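# Report on the structure
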Amino acid sequence: MRVARYKSVVMIILLMLTVGFAVFHWWRGPLLSGYTVASMPLVQTVVATGRVVTVSRTQIGSEITGVVLERLVQEGDRVSRGDLLLVLKSDEMTAQVRQAEAALTELATSRHPQAEVDLANAKVQFEQARREAERRRNLTEPAMLSAEAREQADKAERVARNNFESARLRVAALAPGKVEEVLLRERLAALQAQLAKTKVRAEVAGTVLTRNVEPGDLVQPGRTLLTIALDGSTEIRVPLDERNLPRLALQQNAAVIADAYPDKAFPARINFIAPSIDPQRGTVEVRLAVNPVPEFLRQDMTVSVNIETGKREQALVIPNDALSGIQSNKAVVLLLRDGKIQRQQVILGLRGLAMSEVISGLSAGDHVLADAESSLADGTRVRLKLQKTAFSNYANNANSKNELPVKFD
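These figures come from a predicted structure and were not determined experimentally.

With 24 residues, the main nonpolar core has I236, L240, L288, V305 and I307 as its most contacted residues. Where this core is concerned, the elements lending two or more residues are β2 (38-54), β11 (234-241), β12 (253-258), β13 (261-273), β14 (283-290) and β15 (302-319). Of all the elements, β14 adds the most residues to this core, at four residues. Setting aside residues no more than four positions away along its own chain, I307 makes contact with Q44, T45, V46, L240, Q252, N253, A254, I270 and L288. Membership of the second largest hydrophobic core comes to 18 residues, among which are V97, V171, L188 and L191.

So, on to the confidence of the model for the protein chain. Counting all residues, the mean pLDDT for the protein chain is 82, and 85% of those residues have values of 70 or more. Taken element by element, the protein chain is modelled with least confidence in strand β22 (residues 405-408), mean pLDDT 40, and with most confidence in strand β6 (residues 84-88), mean pLDDT 94. Here residues 391-409 is a poorly scored stretch, pLDDT under 50, and it has 50 contacts once near neighbours within four places are set aside; other chains count.

In this model helix α4 (residues 179-196) runs 25 Å from its N-terminal to its C-terminal C-alpha over 18 residues, within 8% of the 26 Å that 1.5 Å per residue would give. On its buried face, α4 sits against α2 (91-137) and α3 (147-174).

Counted at 1.5 Å a residue, the expected span for α2 with its 47 residues is 69 Å, and the 65 Å between its end C-alpha atoms agrees. At L107, α2 shows its largest bend, some 50°.

Okay, the sheet that holds β6 next. An order of β7-β6-β4-β9 is seen for the four strands of this open sheet, with the pairing classed as antiparallel. Of all the strands in the sheet, the pair left with one neighbour each is β7 (199-201) and β9 (218-219). Summarising the sheet, strand β4 (residues 66-71) and β9 pair through two bridges and their orientation is antiparallel. In the strand pairing of β9, G66 is matched with V219.

Tallied over the entire structure, the rule returns three aromatic pairs. Taken together, a centroid distance of 5.8 Å and an interplanar angle of 10° make the contact between F126 and F164 stacked. Remark: F164 occurs in helix α3 and F126 occurs in helix α2; sequence separation between them is 38 residues. Pairing F266 with F296 gives two aromatic rings, centres 6.1 Å apart and planes at 65°, and the pair type is edge-to-face. With F266 in strand β13 and F296 in the loop between β14 and β15, this pair connects stretches of sequence that are 30 residues apart.

Bringing the pattern of salt bridges into the picture now. By the definition in use, this model includes 15 salt bridges. Of the charged contacts in the structure, one is a salt bridge between R168 and E165, with a shortest N-O distance of 2.2 Å. With R168 and E165 both in helix α3 and three residues apart, the pair spans about one turn of that helix. Note on E165: relative accessible area 32%, which makes it partly exposed. Note that E181 is salt-bridged to R185, the shortest N-O span being 2.8 Å. Within this pair, E181 and its partner R185 are both found in helix α4, separated by four residues, close to a single helical turn. The partly exposed category is assigned to R185, whose relative accessible area is 47%.

What counts and how
- Residues numbered from 1 in each chain as written.
- Predicted model: local features only at pLDDT ≥ 70, side-chain atom pairs only at ≥ 80, totals over all residues.
- Heavy atoms only, no water.
- Core = buried A, V, L, I, M, F, W, Y, C linked by side-chain atoms within 4.5 Å.
- Buried < 20%, exposed > 50% of the residue type's maximum accessible area, 1.4 Å probe, protein only.
- Helix = DSSP H or I, 4+ residues; strand = E, 2+ residues; numbered from the N terminus.
- Contact = heavy atoms within 4.5 Å.
- pLDDT = per-residue confidence, 0-100.
- Expected span 1.5 Å × (residues − 1).
- Bend = angle between axes of the 7 residues up to and from the residue.
- Pairing = 2+ DSSP bridges.
- Phe/Tyr/Trp six-rings, centres within 6.5 Å; stacked < 30°, edge-to-face > 60°.
- Salt bridge = Lys/Arg side-chain N within 4 Å of Asp/Glu carboxyl O.

Now the structure itself:
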């Protein structure tokens, strides 16, 4: 009997302990995840994808119609000013140049000397005709010579004088450096210029981006045969969501990583923010200058850009899932005081997809719930299960220098 009574007492005590423990847990509230608000350095970045572009490109074409004999470059080749790119068929043009050169040689060796001989002959004939006419005019007895004969002598003198003057003018025109030689040299220069156009050369230094021609192609003026990216400034063009515009400013620094070389980050700096918004995509174009330009960088490469838009030496930081009711720079958090929930309005500073800076409303060491959308009423008791946050990982990483990257899309 005593044993049975003893067992009953023990069972009652165990039952009371169990109920008391359950009541105690109920009184303490449910176990919820949360964070500890910490103060540490903070860096905010806008993250986006962009492309590498050169400031200028030039399109290479032919100034004349012709058939391509040789193509001496291809995509990716570096060219300097004056480098030969294409060679066009030039047989007909070459023949015309030789003909013009032969005309110049003929002028110097044949036409001009012959003109001087003709001038000398015309001078002799003129002097003879002048003497004959003078003799006939000075006859003592005019009746001995008919008027017709005197007129013929005068006419012969005039013809001889005209021939002499014509020969003199011709010699002057054919003389070195005079009209005829100038005309022939101008024609030769024009033909040589046309011949030079059969060899398409680079007018600028740069890198060949595209080629649209092969040997045997018939090319015409106005057609783009090659595209060259000019040497000089290189930029990263990034379309950013227009919501990021208030955070952007000229000369902001950025870290850039090419998708093809993820282990080779390089610096850049904002040098242009578009004055207008793309209405189709709701983006603003931002350009970043790259200096120095890495050797591995190529035109139109895809890159990831992290633009530093804000920095704090010390900031209170909490994850974004602890925020609710966000309006402008205000939000609400579920603050835990004495084990009870209390909704607290906070003022936000730097903000990102992962976490945000709290300017006022919280202090270092405060605890907030992770589920900011919880429907639990104020004053509800809860138990807190602290979660690790990104900033705690960064704080333990010596390479991070205790800086917290806050990322925006």
